[in-house]
Amino acid sequence: MMTPHPFKSKRKRFDPALYKISDKLGKDSLTTYLISEGHDVRMGEKMGVDLESSLPAGGVCIPYHHEVEIKFMWEGDWPTAWKDINIPFRKKRLIDSVYGKNDKARFYFYILRGDCKVAWKIDGHAVKSSPVVEVPNRHIKSGEYFYKIPLTKAELISLDI
């Protein structure tokens, strides 16, 4: 049985220097990948998803939404001890925003390895339907919640173009 979780969870202190580095690096790496896949990419709206894109299909352009995070602790192969992927519960506002407008929207989360050469790609519906659990970590000992996504619901992709 899942334990109830709060509407909001604790979160680590915002680090503007780390954000400045990781935000640009993550978006640039994913943009290069998406363009190689045929997407027309643009930056997301302020306080929205990180990137938006469209992909031509059947004479129309299909919109996509992308949220990017770099996991600097991930080096080399994905550690076998990490059985799941954790997406911060605070991303619920993005999930609600995207799917509130269109439940069939194409929305993906990407967890990039520290060198930005590989990433886990996770469909937003898989995140939305995953259990929310408290995950103690080095920054917050208790009270921080995450969507816990099994690796079987994610796709490991190469960004090394």
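In what follows, the structure referred to is the one given above.
Residues numbered from 1 in each chain as written. Predicted model: local features only at pLDDT ≥ 70, side-chain atom pairs only at ≥ 80, totals over all residues. Heavy atoms only, no water.

J.: Break down the packing of aromatic side chains for me, with residues and values.
T.: Counted by the stated rule, this structure contains seven aromatic pairs. Ring centres of Phe89 and Tyr147 lie 5.6 Å apart, and the angle between their planes is 45°; on these two criteria the pair is classed as tilted. Note that Phe89 is positioned in the loop between strand E4 (84-88) and helix H2 (92-101) and Tyr147 in strand E8 (residues 145-150), a separation of 58 residues in sequence. The same class applies to Phe89 and to Tyr147, which are both buried. Look at Tyr99 and Phe107: their rings are 5.9 Å apart centre to centre, the planes differ by 65°, and that puts the pair in the edge-to-face class. Pair check on accessibility: Tyr99 and Phe107 agree, each one buried. Directly above the aromatic system of Trp82 lies the positively charged group of Lys71, at a separation of 5.0 Å from the ring centroid. (Phe/Tyr/Trp six-rings, centres within 6.5 Å; stacked < 30°, edge-to-face > 60°. Helix = DSSP H or I, 4+ residues; strand = E, 2+ residues; numbered from the N terminus. Buried < 20%, exposed > 50% of the residue type's maximum accessible area, 1.4 Å probe, protein only. Lys NZ or Arg CZ within 6 Å of the ring centre and 35° of its normal.)

J.: Provide a residue-level description of the side chain of Lys27, including the pertinent values.
T.: By secondary structure assignment, the location of Lys27 is in helix H1 (residues 16-36). Overall, the relative accessible area of 13% leaves Lys27 in the buried class. Residues contacting Lys27, with those up to four places away along its chain left out, are Met43, Asp50, Leu51 and Val68. (Contact = heavy atoms within 4.5 Å.)

J.: Summarise the environment of Tyr64; cite the residues concerned and give the values.
T.: Position of Tyr64 relative to the elements: it lies in strand E3 (residues 60-71). The contact partners of Tyr64, leaving out residues within four places of it in the chain, are His39, Leu51, Glu52, Ser53, Leu55, Arg106 and Tyr108.

J.: Please set out unusual backbone geometry residue by residue, giving values where relevant.
T.: With a phi close to 60°, Cys116 is a non-glycine residue in the positive phi region. By secondary structure assignment, the location of Cys116 is in the loop between strand E5 (106-113) and strand E6 (118-123).

J.: How would you explain the pairing of E3 if you had to name every residue and give the values?
T.: In terms of strand pairing, strand E2 (residues 51-57) meets E3 through seven bridges, oriented antiparallel. Counted as the bridge partner of Glu52 is His65 from E3. Linking two consecutive strands that pair antiparallel, namely E2 and E3, is a turn of two residues; a positive phi of about 60° is found at Gly58 within it. Across eight bridges, E3 lies against E5 in parallel orientation. Following the sheet pairing, Lys71 is matched in E5 by Arg113. (Pairing = 2+ DSSP bridges.)

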